[in-house]
Amino acid sequence: MATPREVDLLVVGAGPAGMTAALVASLEGLDVLLCEKSDQVGGTGATSAGTLWIPGNHQSKAAGYSDNAADADRYLDALIGAGTNRALRTAYLATGPQAIDYLEAKTDVRFLPCGTHPDYRSNTPGAAVSGRAIIPRPFDGRLLGEDFRRLRAPIPEFMVLGGMMVGKGDIPPLLGRFRSIANFIYAAKLFARYFTDRLRYPRGTRIMMGNALAGRLFYSLRQRQVPILFNAALVDLIGDQSGVTGARIAIAGKVGEIKARKGVVLATGGYGHNKEFRDRFMPQPVPAHSMSYEGNQGDGVALGRKLGAALSPERCTSGLWTPASVTVRADGSKGLFPHFMFDRAKPGLIAVNSAGRRFVNEACSYHDFVLAMFESHEREPSIPAYLVCDAAFLHKYGLGVVYPGHRNPGKFVDNGYFMRANSLDNLARQIGVDATQLRATVARHNTFAETGVDVDFGKGETELSRFNGDAAHKPNPCIGPIVQAPFYALAVWPADIAVSTGLSTDADARVLTAGGAPIPGLYACGNDMASVMSGSYPGPGTTLGPAIVFAYRAAMHARRATAG
Ligand SMILES: Cc1cc2nc3c(=O)[nH]c(=O)nc-3n(C[C@H](O)[C@H](O)[C@H](O)COP(=O)(O)OP(=O)(O)OC[C@H]3O[C@@H](n4cnc5c(N)ncnc54)[C@H](O)[C@@H]3O)c2cc1C
């Protein structure tokens, strides 16, 4: 494709934020160019769970759930303070359902209600238990034809058989495929589709979660014939604080200028892999692991800052965090598995620090779990922390990448994924934790399993905990005894799945100077934009919700803006 010299709107970064901005701007009649640094679309978004936090969304209402923006606003008041980001929050809550409906009406992007999916501080006023989160409808990657190769794949940890995506709803029939005919047929159909796919495609084409979101956005862009330049990296902006009129883009080693009559949208995914920004914004010791796409090197944030843009929020841990275990992939390389929901809240697992003490309600949100790691680490070493369970737990619920009922957990001992020992004392020695304390911690926890009350951290007391626990386990769905050897310990580390510090913007995603004035022609969305949640993590979809909504607002504003 020839590189255009001049367009209405230049969008940089083809993650969910950039693709949405480009798609909406094109639908609104602008002449758009989308530049992507790598040779694939999707960014971190393609590897994500794909959930969007959209209070009052119509998809959930149509399915019979009730939620409203006023409750969400009250909830955010409690989390981040009534005055914080007021204008952006109001715009976000007011535009969320509208932006989603717009995409559904005019493109191939479709969503499903998540139903019950509690907010992460579910005991706070205004929090929702259901009706607030939506996910992309699964997508048939075959519709992309040859372009399917241009869609970034999920991380191997989220696929089975080297390339088959498995959704939450697929797990019970797949694990129980020999338990009923219905399950067997379900599993057989999935496998048949997958093996047929592999005759033509590099991986399975039945895609879901964040991969479906990226796939649907990409497909919609292709349908509208919006030009996308691959291997085209933003290297500089043209202009100053009085206005941005274009950008310098490096393509195949050559830097060219592209003029943008209505502006440039920065959507380069934030600074997850920028050492300088990590050192500056994140807690000490700076976490070594990031789950964001390795190409996200803070280019948009750095170039905005060079122009004198303000960065915010200042007082937060700057990441949106998950505990992650380090996996060993089939080719011997290392990966990361995020411990979002499948193991921590189940009965019969505790998290301990190096003193052998619990420091957190293990069933809290992944973000809150890591905040507790940071806090505990100030008192005694808690990075890494260890998830400790017994043989019965491992068999019933699995742990990290080891799925329930795995026939050969020893493989994961041999490759160093987790430690195994016949006694708690031996386990403690292997992980370098005080053995007497670990024994005492487990014994105390086992008394909570009997009473059903976690006197120390309240595990199982919130809707969120119980949702992720085992409803069939009594008296508390999140607390069970740790008694049956062998015992297991898995190290978990803080890893960012997104960042909250970014370029300050107004409610139309226009980048602001330190003095608070918008820089004409410069927009930021996704992780390049300072999080509207101001460092907090209210619920499922905290980053993709705002990424889509502010990309939509940026495009709508650009349509109204007079050419620069
Ligand atoms: C395992 C996992 C699960 C997650 N689940 C969820 C979830 O369910 N809900 C949620 O809200 N969030 C989730 N997230 C976070 C979410 O994926 C990110 O916040 C989101 O993808 C950010 O979107 P983005 O468009 O800003 O950036 P990205 O999706 O990372 O896209 C950025 C793009 O910009 C490109 N780029 C970088 N630099 C340049 C440059 N100089 N020039 C041109 N292009 C450039 C990159 O190559 C990339 O394609 C999850 C993250 C992970 C890791």
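Everything here concerns the structure above.
Residues numbered from 1 in each chain as written. Predicted model: local features only at pLDDT ≥ 70, side-chain atom pairs only at ≥ 80, totals over all residues. Heavy atoms only, no water.

## Section: the layout of surface pockets
Thinking step 1. One number sums up the size of the second largest pocket: a volume of about 340 Å³.
Thinking step 2. Along the wall of the second largest pocket there are 18 residues; nearest its centre are Asp368, Leu371, Ala372, Phe374 and Glu375.
Thinking step 3. Partitioning the lining of the second largest pocket into residue classes produces 10 nonpolar, four polar and four charged. (1 Å grid on protein atoms, 1.4 Å probe; cavity = no way out; pocket = protein on both sides within 12 Å on 5 of 7 lines; lining within 4 Å. Points joined across faces, edges and corners; volume = space filled by probe spheres on them. Nonpolar A, V, L, I, M, F, W, Y, C, P; charged D, E, K, R; others polar.)

## Quick notes on the nonpolar core
Thinking step 1. Counting residues in hydrophobic clusters, the biggest one holds 127 residues, and the most contacted among them are Leu10 and Leu237.
Thinking step 2. Ranked by the residues each element gives to this core, the list is headed by helix H16 (residues 544-560), at 11 residues. (Core = buried A, V, L, I, M, F, W, Y, C linked by side-chain atoms within 4.5 Å. Buried < 20%, exposed > 50% of the residue type's maximum accessible area, 1.4 Å probe, protein only. Helix = DSSP H or I, 4+ residues; strand = E, 2+ residues; numbered from the N terminus.)

## Section: the pairing of strand E19 (residues 385-390)
Thinking step 1. Among the six residues in E19, six count as buried, and that is most of the element.
Thinking step 2. Covered by surrounding structure in E19 are Ala385, Leu387 and Cys389 together with Tyr386, Val388 and Asp390, the residues of both alternating faces.
Thinking step 3. In the sheet, strand E18 (residues 349-352) pairs with E19 via four bridges, with the strands oriented antiparallel. Within the sheet, the bridge partner assigned to Ile350 lies in E19 and is Val388. (Pairing = 2+ DSSP bridges.)

## Here we look at the environment of Gly469
Thinking step 1. Structurally, Gly469 is set in the loop between helix H15 (463-468) and strand E21 (487-499).
Thinking step 2. In contact with Gly469, not counting residues within four places along its chain, are Ala345, Lys346, Pro477 and Cys478. (Contact = heavy atoms within 4.5 Å.)

## Details of the side chain of Thr95
Thinking step 1. Inspection of the secondary structure puts Thr95 in helix H4 (residues 86-106).
Thinking step 2. Looking at Thr95, its side chain comes within polar contact range of the main-chain oxygen of Ala91, at 2.6 Å.
Thinking step 3. At a separation of 2.7 Å, a polar atom in the side chain of Thr95 contacts the side chain of Arg553.
Thinking step 4. Residues in contact with Thr95, not counting those within four places in the same chain, are Val549, Tyr552 and Arg553. (Polar contact = N/O pair within 3.5 Å; in protein donor to acceptor, adjacent residues only side chain to side chain.)

## Observations regarding the packing of aromatic side chains
Thinking step 1. Here the structure, examined in full by the defined rule, presents 21 aromatic pairs.
Thinking step 2. Measuring from ring centre to ring centre gives 5.1 Å for Phe393 and Tyr397, while their planes differ by 55°; the resulting arrangement is tilted. Taken as a pair, Phe393 and Tyr397 lie in helix H11 (residues 391-397) at a separation of four residues, close to a single helical turn.
Thinking step 3. Look at Phe393 and you get buried, because its relative accessible area is 2%.
Thinking step 4. Tyr397 gets classed as buried once you look at its relative accessible area, which sits at 12%.
Thinking step 5. With a centroid separation of 5.8 Å and 40° between ring planes, the pair formed by Tyr417 and Phe418 is classed as tilted. In this structure, Tyr417 and Phe418 share a single accessibility class: buried.
Thinking step 6. By the ring-pair criterion, three or more aromatic residues cluster together here, those being Tyr120, Phe340, Tyr366 and Tyr537.
Thinking step 7. Positioned above the aromatic ring of Phe230, the side-chain terminus of Arg150 is 4.0 Å from the ring centre. (Phe/Tyr/Trp six-rings, centres within 6.5 Å; stacked < 30°, edge-to-face > 60°. Lys NZ or Arg CZ within 6 Å of the ring centre and 35° of its normal.)

## Description of the sheet that holds strand E3 (residues 52-53)
Thinking step 1. Pairing is antiparallel in the open sheet, where three strands are placed in the order E3-E5-E4. The open sheet terminates on both sides in strands that have one partner only, identified here as E3 and strand E4 (111-113).
Thinking step 2. Pairing of E4 with strand E5 (residues 133-136) involves three bridges; the strand directions are antiparallel. Of the residues in E5, the one forming a bridge with Phe111 is Pro136.

## Topic: empty space enclosed by the protein
Thinking step 1. By the definition in use, this model includes two cavities of 30 Å³ or more.
Thinking step 2. Gly526, Met529, Ser531, Thr543 and Pro546 are, among the 13 residues lining the largest cavity, the residues nearest its centre.
Thinking step 3. In terms of residue count, the dominant contributor to the lining of the largest cavity is H16 (three residues).
Thinking step 4. In the lining of the largest cavity, the residues fall into eight nonpolar, five polar and no charged.
Thinking step 5. Taken as a whole, the second largest cavity holds about 60 Å³ of empty space.
Thinking step 6. For the lining of the second largest cavity, the secondary-structure elements that each account for two or more residues are strand E8 (164-165) and helix H6 (181-200).
Thinking step 7. Top contributing element to the lining of the second largest cavity by residue count: H6, with four residues.

## Examining the site of the ligand
Thinking step 1. The full set close to the ligand counts 37 residues, and Glu36, Asn296, Asp299, Thr543 and Leu544 are the nearest of them.
Thinking step 2. Between the ligand and Thr51 there is a distance of 2.9 Å, counted from a nitrogen atom to a backbone nitrogen or oxygen.
Thinking step 3. For the ligand, the protein covers 99% of the area, taking 1,000 Å² as the surface of the free molecule.
Thinking step 4. Residue assignment for the shell around the ligand shows that the elements contributing at least two residues are helix H1 (16-27), strand E11 (232-240) and E21.
Thinking step 5. Broken down by element, the residue count for the shell around the ligand peaks at three residues, all from E11.
Thinking step 6. Classifying every residue of the shell around the ligand by side-chain character gives 15 nonpolar, 19 polar and three charged. (Near = heavy atom within 4 Å. Areas by Shrake-Rupley, 256 points an atom, 1.4 Å probe, with all protein chains shown as cover.)

## Some words on the pattern of salt bridges
Thinking step 1. Applying the stated criterion to the full structure yields 36 salt bridges.
Thinking step 2. For Asp119, the salt bridge is made with Arg132, and the minimal N-O distance between the two is 2.8 Å. Of the two residues, Asp119 is situated in the loop between E4 and E5 and Arg132 in the loop between E4 and E5; the sequence distance between them amounts to 13 residues.
Thinking step 3. You can call Asp119 buried: its relative accessible area is 0%.
Thinking step 4. According to the relative accessible area criterion, Arg132 is buried, its value standing at 2%. (Salt bridge = Lys/Arg side-chain N within 4 Å of Asp/Glu carboxyl O.)

## Considering the pairing of E5
Thinking step 1. Judged from the two bridges that link them, E3 and E5 form a sheet pairing that is antiparallel. Bridge pairing links Leu52 to Ile134 in E5.

## Description of the side chain of Thr322
Thinking step 1. Note that Thr322 resides in strand E16 (residues 319-328).
Thinking step 2. A relative accessible area of 0% places Thr322 in the buried class.
Thinking step 3. Beyond its immediate stretch of four places on either side in the chain, Thr322 contacts Met291, Pro338, His339, Phe340, Tyr366, Val370, Trp493, Pro494, Ala495 and Ile497.

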